[in-house]
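# Structural overview
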Amino acid sequence: MAKLSKSECDTGKDSPPLGRGWEWTTILNRYWGYTDFRGIQREIIESVCSGKDTLGLMPTGGGKSITFQVPTMAMQGLCLVITPLIALMKDQVYALRRNGIVAYAIYSGMSRDEIVATLENCIFGDAKFLYVSPERLSTEIFQNKVRKMNICLITVDEAHCISQWGYDFRPAYLQIAKIRELLAHPSPLYHHPPTQPIPVLALTATATPEVIDDIQEQLHFREKNVFRMSFARDNLAYRVHYTDDKEKELISLLSRNKGCAIVYTRSRARTKEIAEILNKHGIPSTFYHAGLQPAVKDERQEMWQHDKVRVMVATNAFGMGIDKPDVRLVVHTDCPSSLEAYFQEAGRAGRDGRRSWAILLYNNNDNARLKSRIDDTFPPIAPPKDMERDDPDYPKDNIRDIYDHLAYFFQIGVNSGEGCTREFNIDKFCTYFHHFPTRVHAALAILQKAGYIEYESDPDTKARVKFLLQRHELYQLHQLPADYEKVITALLRCYGALFVEYVYIDEAFVAKQADMDQHTVYTILKELSRRAIIDFIPRKNTPLITYSQDRIDGCDLIITKEVYDRRKEEFARRIQAVIDYASNNTICRSRQLLRYFGETDTKDCTHCDVCINYQKNLTPEHGLEQTIKKITDLLSDGKKHPIYELHNLGKLSDNEDDNVACDLIDKALKHMQNEEIVYMDGSFIYLNR
Ligand SMILES: [Zn+2]
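Procedures and definitions
- Residues numbered from 1 in each chain as written.
- Predicted model: local features only at pLDDT ≥ 70, side-chain atom pairs only at ≥ 80, totals over all residues.
- Helix = DSSP H or I, 4+ residues; strand = E, 2+ residues; numbered from the N terminus.
- Rg over C-alpha atoms; globule rule 2.2 N^0.38 Å.
- Buried ≥ 20, exposed ≤ 12 C-beta atoms within 10 Å, placed from the backbone.
- Contact = placed C-beta atoms within 7 Å.
- Pairing = 2+ DSSP bridges.
- Axes fitted to C-alpha atoms, helices over the stretch in contact; angles between N-to-C directions.
- Expected span 1.5 Å × (residues − 1).
- Arc of directions from axis to C-beta.
- Core = buried A, V, L, I, M, F, W, Y, C linked by C-beta atoms within 7 Å.
- Parallel < 35°, antiparallel > 145°, perpendicular 65-115°, else oblique.
- Nonpolar A, V, L, I, M, F, W, Y, C, P; charged D, E, K, R; others polar.
- pLDDT = per-residue confidence, 0-100.

## Description of the overall build of the protein chain
A tally of regular secondary structure across the protein chain gives 27 helices and 22 strands. Computed over C-alpha atoms, the radius of gyration of the protein chain comes to 28 Å, within 12% of the 26 Å expected from 2.2 N^0.38 for 689 residues, which places it in the range of a compact globule. Principal-axis analysis of the C-alpha atoms gives the protein chain an extent of 95 × 80 × 55 Å. Out of the 689 residues in the protein chain, the part that is buried amounts to 35%. Pairs at least 24 residues apart make up 73% of the contacts formed inside the protein chain by residues separated by at least 6 positions.

Below, the structure is given as C-alpha cells:
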C-alpha cells in the first residue's frame, strides 16, 4: 500500500462518483493517504456498509483500524469503538484528530466532569469516533448518554475477550450485547431513529474455531459472517538461534546486518544494560520501557523512527501504533509468553515487503524460566485453610491478602469505595506489605478480570485544560499578573475549543510560546485552576486503581474458573507452545507459526533456520533438482526474465549461505541450457515450450 503525496490525494475529490467502492477509496486517499486497500480490508468494509454484522480475523499490522474508520467516514453518525487497549485508544484518537476527524476517548483517570463533557460532545457535536474501554459500558452515565447518540457502527476490538473459551476473557465484554439492545430502543430524544439495526464489526488477531463461533453468538450476530486473512509473511525469515552467550550472538547479528532493528527483552533494567553494551560495540542504540517519563519515551521513539539511532532495545511496551516500514531485524533475547505476542512483535520487521529477519535467541535455561512465569502470572488465590501466617509455607502473595492489603493501603472500608480512583505506588505497597511486585501486578490483573477493580498499570496521560469562564468573562478579569496573561494568551493561540471541552496540551510547547520555563507555566496553570479560571489536569504516569464495586472482605472474593483455572491452563498451554516452537528443529518455522494460528495449507518458507539447514544437508544431486524446479517455476509464465532474477531466487539469507545458493544456480542453469530446457537471449532467459 503506497502512500500518496498530499497533492495526489486531493485530485480524486472532484471526479464523478463511481459507486461506493470509489467512495471508500476516495475516503482512504483523503484521510489516510493510501492509494488502495490491502488484504481483506475492502471485503470487510463492503460487508459492514451493507449493514451486516461482521467478524474480521486479521493479524496485527494487517490494517484493522481502516476497516471501521473508512466505513464510518462514509456513513452518517458516530462509531462506538470498544477496546481494552488504552494506549492504542489514545494513539488512534491522536491520529484521527491529526487527520482532521473529530474523535474522543474515555478511559480511567478522567474526571467525572470530563467524562460527561466528552459524552455530551458525542451527542451534540460532529464527533465521528468514540473509543471506550469495555468497563465503561456498564456505568449508568454511559448507558444514559449512549442512547442519545447517533451511532452508525459498533466496533469491538480484541473481540476474543468476549469468549469464555479464550485466554483473555473479560466479563465486561458481555455488556456489549446489552448496549446493542439499548441502542435498538433509543431514547425518545433520539433525533435519528434507526431504520435498521446498527451493525457490529468484531475484530481480532487470533481466535480458535470455537472462539470464532462464540464471538458471533455472544455479540448476537444476526447471521454468521466471518472474513479471514492469511497470516503468512513471505519476506520475513523466522529463525531460532541456539546460544549460551546471547549478548555475543546479539552483537554479531547486529554487526552483520546493518539495518534498523528492535531488540526485545523482558526486564526494564536489561533494556538499559543491553543498549549500553551495544553502544560500546559501536552499534548506536537507545532503550525504551513503560517506566520512562512520557517526554523521554516520545524523544527516543522519534529518534529511532527518524533513523537517528539504529537499534531500539525495549520491553514489549514498545511497538504499539508504530509503523516503521524498514525494520530489518527484530531480535528477542528472551522468549515472549505466547506465540501470539511473538508473532506480533516479530511482525514489526519488514513492513515494506523487503527481506527481513525475526530471530529468537534461545538456550536450555529458557524452558525453566518460561515455566516459572505460570506461577508468577497466577499467584495462589488463597492460603490453604488453617494455615497460619507465620507458617514458613504460607503463600504470601495470595490474591485475597493482596486485595485486603490494598484496602488498608487506600483506607477503604468494607461496603464502600465503588468508583473510587486512587494512585497506586506499587513499590511503596510492596515494601509495606512485603509482596513481590510481579505477583502483585498479576493479582491485580486477576482482580480486574474478576470485575472488582480497574487497574491501569501504565497510564500515560497528557496534561489537559478547559476554560471554566467564557471568553468575554476572561476579558473582564483585571487583576491578573502579566505572566498569567501570557500563559492564557499562549493557550488560546496554540489550541482551539478550550471553552468547549478538555483539550490536551503540551506544557513544553506552551512554555515556548509564552517564553517562560516549563516549571513556571506549570505553577501558573495550577494557580489559574485554583482560581476556577481553568480546569487543569496535569500529566502523570502513576498507575491507577479504581474500585469497580464496593470493597468486600478478601475471603468473600469470588474468583471463578473462567477467570482463574481456565486461564491458567490456557496460559500454560501457550507457554508450552513457545517451548515447542523454540525447540522444534524439523518443521519450517513459518509453518509452525501459521499452523498455530489455524492455517493448514502452508508451504516451506525456504529461508528460516530449519529450511536452510535442510537445504544445506541435501545431497548435491537433490539440491540441483530443487534448484531446477525453482527456476522452472519462475519461468513457467512463458515470459523472458532477466538473469539477475534467478540470483534473487537463490538468495536465502544475509550471509554465507549465498555462495552455496549461487553455485547451485549456476550449475542448474548450465544443465538446463545443455538439455535445451531454457534458452538465453542476451541477459534474458526463457523456457523452451
Ligand atoms: Zn522455513
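## Section: the sheet that holds strand β4 (residues 129–132)
Taking strand neighbours across the sheet as the criterion, the seven strands line up as β3-β4-β2-β5-β6-β1-β7 in an open arrangement whose pairing is parallel. Lying at the two open borders of the sheet, with one neighbouring strand each, are β3 (103–106) and β7 (226–228). Averaged over all neighbouring strand pairs, the angle between strand axes comes to 20°, with direction disregarded. Sheet analysis places strand β2 (residues 78–82) next to β4, joined by four bridges and oriented parallel. Bridged to valine 81 within β4 is tyrosine 131. Where helix α4 (residues 66–74) meets the sheet, its contacts fall on β1 (54–57), β2, β4, β5 (151–156) and β6 (200–204), and the angle it forms with β5 comes to roughly 180°. Against the sheet, helix α5 (residues 86–98) contacts β3 and β4, and its axis sits at roughly 165° relative to β3.

## Looking at the sheet that holds strand β22 (residues 684–687)
Pairing is antiparallel across the open sheet formed by three strands, whose spatial order is β20-β22-β21. For this open sheet the edge positions go to β20 (641–642) and β21 (678–681), each flanked by a neighbour on one side alone. Pairing between β21 and β22: four bridges, direction antiparallel. Considered in β22, the bridge of valine 678 is made with leucine 687.

## Details of helix α11 (residues 268–280)
The terminal C-alpha atoms of α11, which comprises 13 residues, lie 19 Å apart, in line with the 18 Å expected from a rise of 1.5 Å per residue. Of all the positions in α11, only Thr271, Ile274, Ala275 and Leu278 are classed as buried. The buried residues of α11 all sit within an arc of 100° when viewed along its axis, so they share a single face. Counted as exposed and oriented over 90 degrees from the buried face of α11: Ala269 and Lys280. Next to the buried residues of α11 lie α10 (246–256), β9 (260–264), β10 (285–288) and β11 (311–314). The first or second residue beyond α11 is glycine 282, which carries a positive phi of 75°.

## What to know about helix α12 (residues 294–305)
With 12 residues, α12 should cover 16 Å at 1.5 Å per step; its first-to-last C-alpha distance of 16 Å lies within 8% of that length. One or two residues past the end of α12 sits aspartate 307, with phi positive at roughly 60°.

## Some remarks on the nonpolar core
The biggest cluster of nonpolar side chains holds 61 residues, and the ones touching the most others in it are Leu78, Phe129, Leu130, Val156, Ala202 and Ile215. Non-local contacts of alanine 202, meaning those with residues more than four positions away in its chain, are made with Leu55, Val156, Ala159, Ile215 and Leu219. Ranked by size, the runner-up nonpolar core spans 54 residues in total, among them Ile274, Ala358, Val578 and Leu594.

## So, the environment of isoleucine 685
Looking at the element boundaries, isoleucine 685 is found in strand β22. On the basis of neighbour count, isoleucine 685 is assigned to the buried category, with 21 C-beta atoms found within 10 Å. Residues isoleucine 685 and histidine 641 lie 44 residues apart in sequence; the distance between their C-alpha atoms is 5.3 Å. Leaving out residues up to four positions away in the same chain, isoleucine 685 has contacts with Leu635, His641, Ile643, Val678 and Met680.

## Concerning the environment of tyrosine 455
Looking at where tyrosine 455 falls in the secondary structure, it is placed in strand β15 (residues 453–456). With 34 residues separating them in the primary sequence, tyrosine 455 and threonine 421 have C-alpha atoms 9.6 Å apart. Ignoring sequence-local partners within four residues, the contact set of tyrosine 455 consists of Leu444, Ala445, Gln448 and Ile545.

## Quick word on unusual backbone geometry
Not every positive phi belongs to a glycine, and asparagine 415 is a case in point at roughly 70°. With respect to the helices and strands, the residue asparagine 415 is situated in the loop between α15 (399–410) and β14 (421–423). Of the residues examined, asparagine 415 has 10 C-beta atoms within 10 Å and is grouped as exposed. For threonine 606, which is not glycine, the phi dihedral falls at a positive 70°.

## A look at the environment of glycine 259
Looking at the secondary structure, you find glycine 259 in the loop between α10 and β9. Looking at glycine 259, the number of C-beta atoms within 10 Å reads 18, which means it is partly exposed. Leave out the neighbours within four places in its chain, and glycine 259 touches Asp326, Arg328 and Leu329.

## Examining the pairing of strand β16 (residues 463–467)
The pairing of β16 with strand β17 (residues 503–505) spans three bridges and is classified as antiparallel. Opposite alanine 463, over in β17, you have isoleucine 505 as the bridge partner. Of the strand pairs in this sheet, β16 and strand β18 (residues 534–537) are connected by four bridges, and their pairing is antiparallel. Note that in β18 the partner of phenylalanine 467 across the bridge is isoleucine 534.

## Examining the packing of helix α2 (residues 20–32) against α4
One way to put it is that α2 packs onto α4 with a least axis distance of 9 Å and a crossing angle of 105°. Comparing the axis directions of α2 and α4 gives the class roughly perpendicular. Every residue of α4 that contacts α2 at Glu23, Trp24, Ile27, Leu28, Tyr31 and Trp32 is listed here: Ile66, Val70, Met73 and Ala74. When its residues are assigned to classes, the contact of α2 with α4 shows nine nonpolar, no polar and one charged.

## Regarding the confidence of the model for the protein chain
Of the residues in the protein chain, 92% have a pLDDT of 70 or more, and the chain-wide mean is 86. In the model, residues 1–18 has pLDDT below 50 throughout and makes 20 contacts with residues more than four positions away in sequence or in other chains. Counted against residues more than four places away or in other chains, residues 652–656, with its pLDDT under 50, gives 12 contacts.

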